[in-house]
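Now for the letters of each chain:
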Amino acid sequence: MDTFEDLIEANDRHAATFDAGALPAPPRRQLAVLTCMDCRIDEHEAFGIAAGDAHVLRNAGARTSDDAIRSLIKSTHQLGVNRIAVIHHTDCGAAKIQRDDLRAKVRATTGHDPVEVDFQLIGDPDQTLLDDVERLRTSPYLPPGTLVGGFVYDVRTGRLDPRVIGRVGDARGQAQA
Ligand SMILES: [Zn+2]
């Protein structure tokens, strides 16, 4: 696959019967999901998210990066989102590679050392999820009261495991049984 023909052909089929042109931009479920770019996670199949339902932000590891917060500021302040689900997952690549190994790969292929790039790799997965949820919950830029949940999606079973829930501005989030 060395062109983008697969995308263009699939889109031709999509556009032939497309009937969702009147969907409003604010997410119907007032929900934003921050999850990993891992291709095994299908938000429609796994979480019932269809077009018009939710903002879906994806990056390597589902990390609460500055860029994720940038998007969530728009979600919450401009587009009515009042719930944010941070969904990490089992067998995540961001937890399986070391920073020095990734740096070495980049250096070997490009000749440049990405020394200034924060890869936001995952050491302890459980703690990293809690940290990512806390970073949102304590963000000074998100509306107080916004619900923030932390979950782990199991790529082997398809099950979503709730781990922690809290609200922006409240005392520390509560662990889920
Ligand atoms: Zn991942």
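Our structure is the block above this text.
What you see is a predicted model, and the numbers here were worked out from it, not measured in a lab.

> Before we go on, may I ask you to explain the coordination of the zinc ion in this structure?
When a metal carries six donors in an octahedron, the ideal angles between them are 90 or 180 degrees, while four donors in a tetrahedron ideally lie at 109.5 degrees. Cys-36 (SG), His-89 (NE2) and Cys-92 (SG) make up the full set of protein donors to the zinc ion, lying at 2.0 to 2.3 Å. The motif formed by the donor residues of the zinc ion, counted along the single chain, is C-x52-H-x2-C. Here Cys-92 lies in the loop between strand 3 (83-89) and helix 4 (99-110) and Cys-36 lies in strand 1 (residues 31-36), a separation of 56 residues in the sequence.

> I would appreciate a short explanation of the packing of aromatic side chains in the present structure.
Two numbers describe a pair of aromatic rings. These are the distance of the centres and the angle of the planes. Per the counting criterion, the structure on display carries one aromatic pair. Consider the rings of Phe-47 and Tyr-153, whose centres lie 5.7 Å apart with planes at 75°: the pair is edge-to-face. Of this pair, Phe-47 sits in helix 2 (residues 43-47) while Tyr-153 is found in strand 4 (residues 147-153), placing the two residues 106 residues apart along the sequence. Summarising the burial analysis for this pair, Phe-47 and Tyr-153 share the class buried.

> Explain the sheet that holds strand 1 to me, please; I cannot follow it from the model alone.
Strands sit in the order 2-1-3-4-5-6 across an open sheet of six strands; the sheet is mixed. Each end of this open sheet is capped by a strand with a single partner; those strands are strand 2 (54-59) and strand 6 (174-175). One ladder, built from five bridges, connects strand 1 with strand 3; its direction is parallel. By the bridge assignment, Thr-35 is partnered in strand 3 with Ile-87. Contacts from helix 3 (residues 66-79) reach strand 1, strand 2 and strand 3, with the element oriented near 175° to strand 2. On the sheet, helix 5 (residues 125-137) packs against strand 3, strand 4 and strand 5 (160-167) and is oriented at approximately 160° with respect to strand 3.

Conventions we followed
Residues numbered from 1 in each chain as written. Predicted model: local features only at pLDDT ≥ 70, side-chain atom pairs only at ≥ 80, totals over all residues. Heavy atoms only, no water. Donors = N, O, S within 2.8 Å, 3.2 Å for Na, K, Ca; no water. Helix = DSSP H or I, 4+ residues; strand = E, 2+ residues; numbered from the N terminus. Phe/Tyr/Trp six-rings, centres within 6.5 Å; stacked < 30°, edge-to-face > 60°. Buried < 20%, exposed > 50% of the residue type's maximum accessible area, 1.4 Å probe, protein only. Pairing = 2+ DSSP bridges. Contact = heavy atoms within 4.5 Å. Axes fitted to C-alpha atoms, helices over the stretch in contact; angles between N-to-C directions.

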